[in-house]
Amino acid sequence: MNRLIFMTMLLTAIQVSGQPAKRAEAGRPNIIYIMSDDHGYQAVSAYGYGLNQTPNIDRLAKEGALFTTACVTNSLCAPSRAVMLTGKHSFINGKVDNVQHFDWNQDNFPKLLRKAGYQTAMVGKIHMDGLPQGFDYSAVLPDQGDYYNPDFIINGVKQQIHGHVTEITTDLALKWLKGRDTTKPFCLLYHQKAPHRAWMPIERHYKEYTGKTFKEPATLFDDYKGRGTAAKTAEMNIGKDMNWADDDKIKPEVLEELKLHSLIKWDTASYNRSMRRMDAAQRAAWDAVYDPINEDFKKRYPTMSKEDLMHWRYQRYLQDYLGTIAGVDEGVGAVLDYLDQNGLTENTIVVYTSDQGFYMGEHGWFDKRFMYEESLKTPLLIRYPKEIRPGTKVDALVQNLDFAPTFLDYGGAKIPADMQGVSFRNLVAGKTRKWRDAIYYTYYEYPSIHMVKRHYGIRTNRYKLIHFYYDIDEWELYDLQKDPHEMHSVYNDPAYRSVRDNMHKKLEALRKKYKDSDASDQKYMKSYLSATSKKKK
Ligand code: SGN
Ligand code: CA
């Protein structure tokens, strides 16, 4: 058969089967990067904590890889996202905290993939000022965004959309996928706001989850004795620092009756603001479930001890937090179904991760920020049938710093020499076991909500060294093998003298390698203090 006739027949066959897209998609892989906000690995059932079920996210582990020790470089939302986009530590990309400006003009991996021929989109939470750069399409939440009837900024234009933010984000992602240019490979950043505080689930999920009871962590009543000042002065204790209205969903009038309202001033204002966003039907459905909880609390509160309150608040917290995760998991299911139904599964890399970890009662805490395990480590699951064997487990110390170079590697684009992360493509494919033996961490946002002191440090497979500074000067050292819950710093234990010396050397070497210094701390501290004092005025 002559070549021309063969090609014509082939083309006709492709068109008749209705799948011209397959030609482009047989080449470079597509990427769907799913990120949720504040989703602790303890709340992904594939990690084995037994708290909740996330069958769709778990599919990625079953059909691909699960990372047991994926760490962030700075456990806070916007800094984490800046690191993920740029492949550079916070002190290099400039977005060290949630307050200061992010410079979108710098290189990021979507820009580079786009230059290399990818079609790119960003949907959901990004938490940075300015129009996102690097995307053919963007539909993002302003700042933290709202759970009910949220505003979205779609290609720069703000509009309010009716419904629940988790479902809207999924719908926008699917709509973009369906309408995309199928002659190009695509990279979609699909970023949920949930399960960020104040944890407001979809109706069917709060109906289900408010009826559940969850196992408490062993350290719920931690007294912080074995650690330094920072753990003792942080304001993220479930019993002491949660908001009665916004977090526990106790109505302002009930708080008034119980004389609880005066504890936190902005609490009821924030709660009322969220409630006002609901329409009448949404509000009626909400009240039908939360009113009886209020009534029950009103009866019980007068006889509750401090301990009783802690037990109660822990359950209340987990019911809503895990309830919002049920919606995130359903969204992942809808996207995976779309890939299956459109023959895209084989050639699409799907990543599930969060912008950081989260405390779910460990050490009595909620929130994140600390370099201690639950906030340092984040869930990470990846499926790519062409290269990753089903059921792969990776223990290596990967970081969100590595996403940008990894995606560029998969996309066949050049990785800029100044990116500080490393592609983990060969690691997860089982082609190499060579990897870094320590990760570097920085945290800056202090003084601020939750009052977690500024710190930096390193973690190896076994040890962790942390330096808390600014208004204190304290070091902590943990032996994660002997003390996995980090209850006792061994920094001053003579038995750990050589480990301590070694860790100090490693820390200095990493600070040098990544180009961090006290001078850079000073610079960011100055601009942070000036930005926050301006805000207060
Ligand atoms: C809000 C939350 C905090 C949270 C920060 C940062 N309070 O201020 O609990 O630590 O966001 O979170 S809230 O009552 O207003 O929700 S981040 O994930 O965006 O960094
Ligand atoms: Ca976050």
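An unreviewed UniProt entry lists the protein chain under the name Arylsulfatase A, with Niabella drilacis given as the organism. Its UniProt record, at the heading Sequence similarities (unreviewed entry), says of the protein chain: "Belongs to the sulfatase family."

(A) Layout of the site of ligand 1. Neighbouring ligand 1 are 19 residues; Arg197, Asp367, Lys368, Arg369 and His450 lie closest to it. Here an oxygen atom of ligand 1 sits 2.7 Å away from a polar atom, N or O, in the side chain of aspartate 367. Protein chains bury 86% of the 460 Å² of accessible surface belonging to ligand 1 in isolation. Split into classes, the residues belonging to the shell around ligand 1 amount to four nonpolar, six polar and nine charged.

(B) Spotlight on the sheet that holds strand β14 (residues 474–479). What the four strands build is an open sheet, ordered β11-β12-β13-β14; its pairing is antiparallel. With partners counted over all chains shown, the strands left at the sheet margins are β11 (439–443) and β14, one partner each. Pairs of neighbouring strands in the sheet enclose a mean axial angle of 15°, with direction left out of account. With five bridges connecting them, strand β12 (residues 455–459) and strand β13 (residues 463–468) associate as antiparallel partners. In the sheet register, arginine 459 faces β13, and the bridge partner there is lysine 464. Contacting β11, β12, β13 and β14, helix α18 (residues 497–514) crosses the sheet at an angle of about 110° to β12.

(C) Quick peek at the coordination of the calcium ion (ligand 2). Coordination of the calcium ion (ligand 2) by the protein comes from Asp37 (OD), Asp38 (OD), Asp355 (OD), Asp355 (OD) and Gln356 (OE1), over a distance range of 2.1 to 2.9 Å. Taken together, the six donor atoms coordinating the calcium ion (ligand 2) span angles of 49 to 175° at the metal, a pattern that classifies the geometry as irregular. Each donor residue of the calcium ion (ligand 2) lies on the same chain, and together they follow the pattern D-D-x316-D-Q. With a gap of 317 residues between them, aspartate 38 in the loop between β1 (30–36) and α3 (55–63) and aspartate 355 in the loop between β8 (348–354) and α15 (373–376) connect regions that are remote in the sequence. The two residues aspartate 38 and aspartate 355 agree in class, both being buried.

The rules we used
Residues numbered from 1 in each chain as written. Chains lettered and ligands numbered in written order. Predicted model: local features only at pLDDT ≥ 70, side-chain atom pairs only at ≥ 80, totals over all residues. Heavy atoms only, no water. UniProt positions renumbered as here; feature names shortened; annotations may be inferred. Near = heavy atom within 4 Å. Polar contact = N/O pair within 3.5 Å; in protein donor to acceptor, adjacent residues only side chain to side chain. Areas by Shrake-Rupley, 256 points an atom, 1.4 Å probe, with all protein chains shown as cover. Nonpolar A, V, L, I, M, F, W, Y, C, P; charged D, E, K, R; others polar. Pairing = 2+ DSSP bridges. Helix = DSSP H or I, 4+ residues; strand = E, 2+ residues; numbered from the N terminus. Axes fitted to C-alpha atoms, helices over the stretch in contact; angles between N-to-C directions. Contact = heavy atoms within 4.5 Å. Donors = N, O, S within 2.8 Å, 3.2 Å for Na, K, Ca; no water. Tetrahedral: all angles 85-135°; square planar, octahedral: opposite > 155°, others 65-115°. Buried < 20%, exposed > 50% of the residue type's maximum accessible area, 1.4 Å probe, protein only.

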